[in-house]
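For reference, the chains in residue letters:
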Amino acid sequence: MLARMLSGDFPRSRVLTAVLLAILIGLAFAPFIFPGTRSLNVAAKVAVFVLLVASYDLLLGYTGIVSFAHTMFFGIGGYGVGIAMVKMGAGWGALAIGAAAALTLSLAIALAIGLLSLRVRAIFFAMITLAVASFFQILASQLSPLTGGEDGITFRLPEPLQSRLAAYYLVFAVALALFLLLLRVVNSPFGRVLLSIRENEFRSEALGYRVVTYRTVANCLAALGATVAGILYAIWLRYTGPDTTLSFDIMIDILLMVVIGGMGTLYGSAVGATLFVVAQNYLQDLMKLASGAAKGLPLLPDLLHPDRWLLWLGLLFIVCVYYFPSGIVGRLRARGL
Amino acid sequence: MSAAASAGAKDPGAALPGARLDWIPLALVPVLALAALPLVGSPPTWVTLTVAGLAMGMMIFMMASGLTLVFGLMDVLNFAHGIFISVGAYGAASVLTRMAGRLEQPSLASDLSAMVPAVLAAIALAGLLGWFFERVLIRPVYGDHLKQILITMGGLIVFEQLIHVVWGPDIIPLPRPGAITGAFIVGEAAIERYRVLAVIVGLALFAAMWLLLNRTRIGLLVRAGVENPEMVESLGYRIKRLFVGVFVAGSGLAGLGGAMWAMYQEQVTAQMGMQVLVVIFIVVIIGGLGSVGGCFVGAMLVGLLANYTGYLAPKLSLGSNILLMVLVLLWRPRGLYPIGKA
Amino acid sequence: MPEPMLSLAGVNTHIAQYHILQGVDFEVPRGALTMLLGRNGAGKTTCLRTIMGLWRASAGSIRMDGREISRAATPDVAQLGVAYVPENMGIFAGLTVSENLRLAARSGEPDAGRLEWIFGLFPAMKTFWNALAGNLSGGQKQMLAIARAIVEPRRLLLVDEPTKGLAPSIIANMVEAFRELKRTDTTVLVVEQNFNFAKALGDTVAVMDSGRIVHTGRMDALAADSALQTKLLGLSLEAHQ
Ligand SMILES: Nc1ncnc2c1ncn2[C@@H]1O[C@H](COP(=O)(O)OP(=O)(O)O)[C@@H](O)[C@H]1O
Ligand SMILES: [Mg+2]
């Protein structure tokens, strides 16, 4: 039963199992364990980002290609719901139509980008996705009658979702289900072909696998995952805007989460996303203390300033890329903890 | 050149095309400019817009040329290239604000005595950072695209933060020297002085790069290395040294471009490098990865188009370069001047 | 017996996780032309690339003129006097013929007399002196690749399948060029699939299969023993005759 749910892909480390269980239980009972708006917000964000980052890992970790358009798909999800709710009213129908439209659009764009640029070179793909994503950012800010420009869209949800508790459990349940689905994908024969392409493109092509096709499908799946995450995030926030979805800063956040958690291990996405979101919300408090303690010393207070928290995560990121390419999860597994 | 070689050179029997210029992409620049004339309507406005577009193109070229060369030669796509631009801008700003006194006198000489050190500081600072990047961050991951992208992204995150640590988080306003503020009036057209300066610097830079690449042995090595680094090594040349040189030079150029761009915008922000990076990538893709000539043409096209659309259809302006990129790729999938490998 | 120009002993090469060369031993005698034969995928190209330092040998020894070069970087191997013509010829398509040759002359400009000699071997090099190398025909590209390797005297030439995809008349031209080269006592190692070409030029021969040397000896002995040819080279041989 458990094996089937996890597609036979167990954490394979006692510490990791404990951490994952803690995350799962924490999220499942968040409204009761951590009452308060801030902590519930953190919990919802963790759930959304676990899905967002896991779908990104399908590209980066399992397929070995770097995309900068993941936030674009995230945004398409958010705006799809937002625009539909505003234009069509706060009903279930509008929610469904918005979500469906967003998923369709994402699929079409992912397909087009994949077919256009994945056959050239993986590095070309990175550049094209960056350009296309920035185009979308521009589009969102220019089409302000539709998107609300820089301000974004605030909207109302259908009645039952007005309750924070209901909205939270919708977000949690969908994110969990899709995470398990992704786990299934990467452990399927399809996922194994992706891995073999990542290891040796030359060989895989020689073995008769159509590398472009596999990569394009992976790109589409990742895009759909990001879109659903965007839909969920919009539902949770009852708002969507450039800063919460499309911004390049979020793209960087996603990269940090994947790499620090562990590329090519979906569990790493869960760990990375949790760690990051929690750090984003609580590390800064800690740094404020440290910065205060270092007062009077040269440079150190500046380096420890709460706004500089990305500096430290960035360094951790670099160290991970060089020395621990499979991140925290890889470390835990390798040391047999 | 040896006797035999020059005898061969004069041989009129050579039926195969030599290193002849593919002029079609180059012709796009005047074609675009002329096509805009009837749309813009008023010739003075058109002149102003064209000069502005060329100036912008030149600055983009300065910032992009290093990136394309580094990519061509080393197969490294440096996502942190924007940092060199920002650092150049901050370096220039530091010097200029310290020499603000010299900028207040209305003489070109005293303006230049502040601007030249500022620009040199920008180049030196960015070049030094480039050297650090190549040695410490990129060298261990040559040949591994995935890690290269990740590592340079990591460098981007860390150094953007370090810029905040060193120069503070706020926007720095930049005094623009008096002698290059204001405009020349030619007929009815107003041409900003600074833009003329940018065009002159850009053209000089392009000419120097062209001579270096096409008339010197180092240039020959670089061109060969862009095409097939392995073969250059097999001929007995240590391409790694060339790498470092090109990387530092490319970073320095980005610093120069950043300084020029900052003086143009009259302010400096840590994000500016990242903001122009997208445009730079587009230019590099349009030009053909690794091609300096293509990069130049691409930069001109992007600069002109941005200014014309900015005037004709402001809403389209920001996205115009992406549309241009798509059109170019539909016409030539590997860019205007594709380079051997790809 | 004088020391060989090049000797490989127990050379192993891995590409990614694949174990391609699995203990290669053979020698290239001084002043002779050695043929390295073998079926497609036997590891011949990998062998030349390992000598050049383009792949790193994971075990074994490669000695060039008595010096260990198995750990040397590619430029250092080249500086020792090894010239390499890769299977894809490796010419710089965006450079002219003259620029290709000037780059190969490490001392600066190519020597005028030497150039005349090369023009004698490959007149097309003179005709198309200022043409872009990328615009040359396949045969002319191969000539340029070889011209580039001999534009200055080198101690050892490594040539990977010089006849690949060439028309018979051009192959005849190649045979002549290599004959002339042999008169200059240059040491050459040629990888070939074309047995007639090998028979016409080879002094000694080594045959590879599945990453190992399975035969070494004199070329004329192998040429006279058709049973051995079939055993070593199989049917692929007939296709080329
Ligand atoms: N880059 C590579 N990655 C993986 N395997 C390779 C690579 N290059 C060559 N090989 C494998 O090495 C073996 C030997 O190849 P090669 O040396 O090119 O043979 P030959 O030149 O004798 O035809 C082949 O099985 C080939 O598939
Ligand atoms: Mg071969």
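Residues numbered from 1 in each chain as written. Chains lettered and ligands numbered in written order. Predicted model: local features only at pLDDT ≥ 70, side-chain atom pairs only at ≥ 80, totals over all residues. Heavy atoms only, no water.

Before going further, it helps to examine the overall build of chain C. In terms of regular secondary structure, chain C is built from eleven helices and ten strands. Scaling as 2.2 N^0.38, a compact globule of 241 residues should have a C-alpha radius of gyration of about 18 Å, and chain C matches this with 17 Å. Taken along the three principal axes of its C-alpha coordinates, chain C extends 45 × 40 × 40 Å. Buried positions account for 56% of the 241 residues belonging to chain C. (Helix = DSSP H or I, 4+ residues; strand = E, 2+ residues; numbered from the N terminus. Rg over C-alpha atoms; globule rule 2.2 N^0.38 Å. Buried < 20%, exposed > 50% of the residue type's maximum accessible area, 1.4 Å probe, protein only.)

Turning next to the pattern of salt bridges. This model, assessed by the stated rule, comprises 18 salt bridges over all chains. One salt bridge in this structure joins Asp76 of chain C and Arg238 of chain B, with 2.8 Å as the shortest N-O distance. Of the two residues, Asp76 of chain C is situated in helix α2 (residues 74–79) and Arg238 of chain B in the loop between α10 (229–234) and α11 (239–265); the pairing between them involves two chains. Looking at Arg238 of chain B, the relative accessible area reads 36%, which means it is partly exposed. Taking the shortest distance from any N to any O, the salt bridge between Asp209 of chain C and Arg39 of chain C comes out at 3.6 Å. Separated by 170 residues along the polypeptide, Asp209 of chain C in strand β9 (residues 204–209) and Arg39 of chain C in the loop between β3 (33–38) and α1 (44–52) bring together distant segments of the chain. Overall, Asp209 of chain C belongs to the partly exposed group, its relative accessible area being 24%. Overall, the relative accessible area of 30% leaves Arg39 of chain C in the partly exposed class. Bridged by salt links that share partners, the residues Arg30, Asp65 and Arg155 of chain C form one connected network. (Salt bridge = Lys/Arg side-chain N within 4 Å of Asp/Glu carboxyl O.)

This part covers the coordination of the magnesium ion (ligand 2). Residue and element names in this part refer to chain C. Surrounding the magnesium ion (ligand 2) are the protein donor atoms Thr45 (OG1) and Glu87 (OE), which sit 2.0 to 2.5 Å from the metal. Within this pair, whereas Thr45 is found in helix α1, its partner Glu87 is found in the loop between β6 (82–85) and α3 (97–104), the two being separated by 42 residues in sequence. Assessed through its relative accessible area of 24%, Thr45 is described here as partly exposed. Look at Glu87 and you get partly exposed, because its relative accessible area is 24%. (Donors = N, O, S within 2.8 Å, 3.2 Å for Na, K, Ca; no water.)

The subject of this paragraph is the confidence of the model for chain C. Put simply, chain C has an average pLDDT of 92, and 97% of its residues get 70 or more. Scored below 50 in pLDDT, residues 237–241 of chain C shows nine contacts in the model against residues more than four places distant or in partner chains. (pLDDT = per-residue confidence, 0-100. Contact = heavy atoms within 4.5 Å.)

Looking now at the interface of chain A and chain B. Often the size quoted for an interface is simply the accessible area lost on bringing the parts together. Each partner contributes residues to the interface: chain A has 37 residues there, and chain B has 42 residues. Of the roughly 3,600 Å² buried at the junction of chain A and chain B (both faces included), carbon and sulfur atoms supply 82%. Our count for the contact surface shared by chain A and chain B stands at zero salt bridges. Mapped by element, the contributors of at least two residues to the side of chain A that touches chain B are α7 (122–142), α15 (248–261), α17 (300–303) and α18 (309–323) of chain A. Per-element tally for the side of chain A that touches chain B: the top contributor is α7 of chain A, with eleven residues. Counted by class, the side of chain A that touches chain B contains 29 nonpolar, four polar and four charged residues. (Buried area = accessible area lost by both parts, 1.4 Å probe. Nonpolar A, V, L, I, M, F, W, Y, C, P; charged D, E, K, R; others polar.)

In total, this model carries 28 aromatic pairs over all chains according to the counting rule given. Aromatic pair Phe74 of chain A and Tyr233 of chain A: ring centres 5.8 Å apart, planes at 20 degrees, arrangement stacked. Of this pair, Phe74 of chain A sits in helix α5 (residues 70–88) while Tyr233 of chain A sits in helix α13 (residues 211–237); the two residues are 159 residues apart in sequence, bridging distant segments of the chain. A relative accessible area of 9% places Tyr233 of chain A in the buried class. With a centroid separation of 5.6 Å and 90 degrees between ring planes, the pair formed by Phe119 of chain C and Trp129 of chain C is classed as edge-to-face. You can see Phe119 of chain C sitting in helix α4 (residues 112–121) and its partner Trp129 of chain C sitting in the loop between α5 (123–127) and α6 (138–150), a full ten residues away along the chain. Phe119 of chain C gets classed as buried once you look at its relative accessible area, which sits at 5%. (Phe/Tyr/Trp six-rings, centres within 6.5 Å; stacked < 30°, edge-to-face > 60°.)

The tendency in soluble globular proteins is for nonpolar side chains to be buried side by side. With 284 residues, the main nonpolar core has Phe49, Leu60, Phe68 and Met72 of chain A together with Met35, Leu37 and Phe178 of chain C as its most contacted residues. In this structure, this core is formed jointly by two domains, domain 1 (6–81 + 154–240) and domain 2 (92–153) of chain C, each of which donates at least three residues. Excluding residues within four positions of it along the chain, Leu60 of chain A makes contact with Ile65, Val66, Leu255, Val258, Val259 and Met263 of chain A together with Leu146 and Leu150 of chain B. Judged by nonpolar contacts, the second largest core, of 31 residues, contains Val82, Leu156, Val191 and Ile213 of chain C. (Core = buried A, V, L, I, M, F, W, Y, C linked by side-chain atoms within 4.5 Å. Domains from an automatic or database assignment.)

All right, on to α11 of chain B then. All names here are of chain B. Look at α11: 38 Å from first C-alpha to last across 27 residues, which is about the 39 Å you get at 1.5 Å a residue. With 21 of 27 residues buried, α11 lies mostly within the body of the structure. Positive backbone phi, approximately 60 degrees, marks Glu266, located one or two places after α11. (Expected span 1.5 Å × (residues − 1).)

All names here are of chain C. A positive phi angle, near 55 degrees, is found at Asp65, a position not held by glycine. Residue placement: Asp65 occurs in the loop between β4 (57–64) and β5 (67–68). In this structure, Asp185 is a non-glycine residue whose phi angle is positive, near 65 degrees. Inspection of the secondary structure puts Asp185 in the loop between α7 (168–183) and β8 (187–191).

Here the focus is the domain arrangement of chain C. Residue and element names in this part refer to chain C. The domain architecture assigned to chain C consists of domain 1 (6–81 + 154–240) and domain 2 (92–153). Between domain 1 and domain 2, the C-alpha centre-to-centre distance is 23 Å. On the domain 2 side, the residues contacting the 16 residues of domain 1 number 14 residues. At the boundary of domain 1 with domain 2, total buried surface from both sides reaches about 1,300 Å², with 62% on carbon and sulfur atoms. The largest contributions to the domain 1 side of the interface with domain 2 come from Arg154, Asn173 and Met174, which together make up 42% of the buried area. Where Arg154 meets Glu152, a salt bridge forms, and the shortest distance between an N and an O atom there is 3.0 Å. At the surface where domain 1 touches domain 2, the tally comes to five residue pairs in polar contact (both at pLDDT 80 or more). (Polar contact = N/O pair within 3.5 Å; in protein donor to acceptor, adjacent residues only side chain to side chain.)

Before going further, it helps to examine a negative patch on the surface. Residues and elements named next belong to chain A. A cluster of acidic residues, Glu150, Asp151, Asp243 and Asp249, forms a negative patch on the protein surface. Relative to the elements of secondary structure, Asp151 occurs in the loop between α8 (144–147) and β1 (153–154). Taking relative accessible area as the criterion, Asp151 reaches 64% and is therefore assigned exposed. (Patch = residues over 30% accessible without salt bridge, like charges linked within 9 Å, V, L, I, M, F, W, Y side chains within 5 Å. Areas by Shrake-Rupley, 256 points an atom, 1.4 Å probe, with all protein chains shown as cover. Lys, Arg positive; Asp, Glu negative; His and termini not counted. Charge placed at Lys NZ, Arg CZ, Asp CG, Glu CD.)

The local shell around ligand 1 holds 13 residues, among which Gly41, Gly43, Lys44, Thr45 and Thr46 of chain C are the closest. Near ligand 1, the surrounding residues belong to chains A and C. Ala42 of chain C is positioned with one of its backbone polar atoms (N or O) 3.2 Å from an oxygen atom of ligand 1. Separating an oxygen atom of ligand 1 from a side-chain N or O atom of Thr46 of chain C is a distance of 2.5 Å. For ligand 1, the accessible surface in isolation is 560 Å², of which the surrounding protein chains cover 75%. Elements with a contribution of two residues or more to the shell around ligand 1: α12 (201–206) of chain A together with β2 (18–28) and α1 of chain C. Per-element accounting of the shell around ligand 1 gives the leading share, three residues, to α1 of chain C. Residue classes in the shell around ligand 1 are distributed as five nonpolar, five polar and three charged. (Near = heavy atom within 4 Å.)

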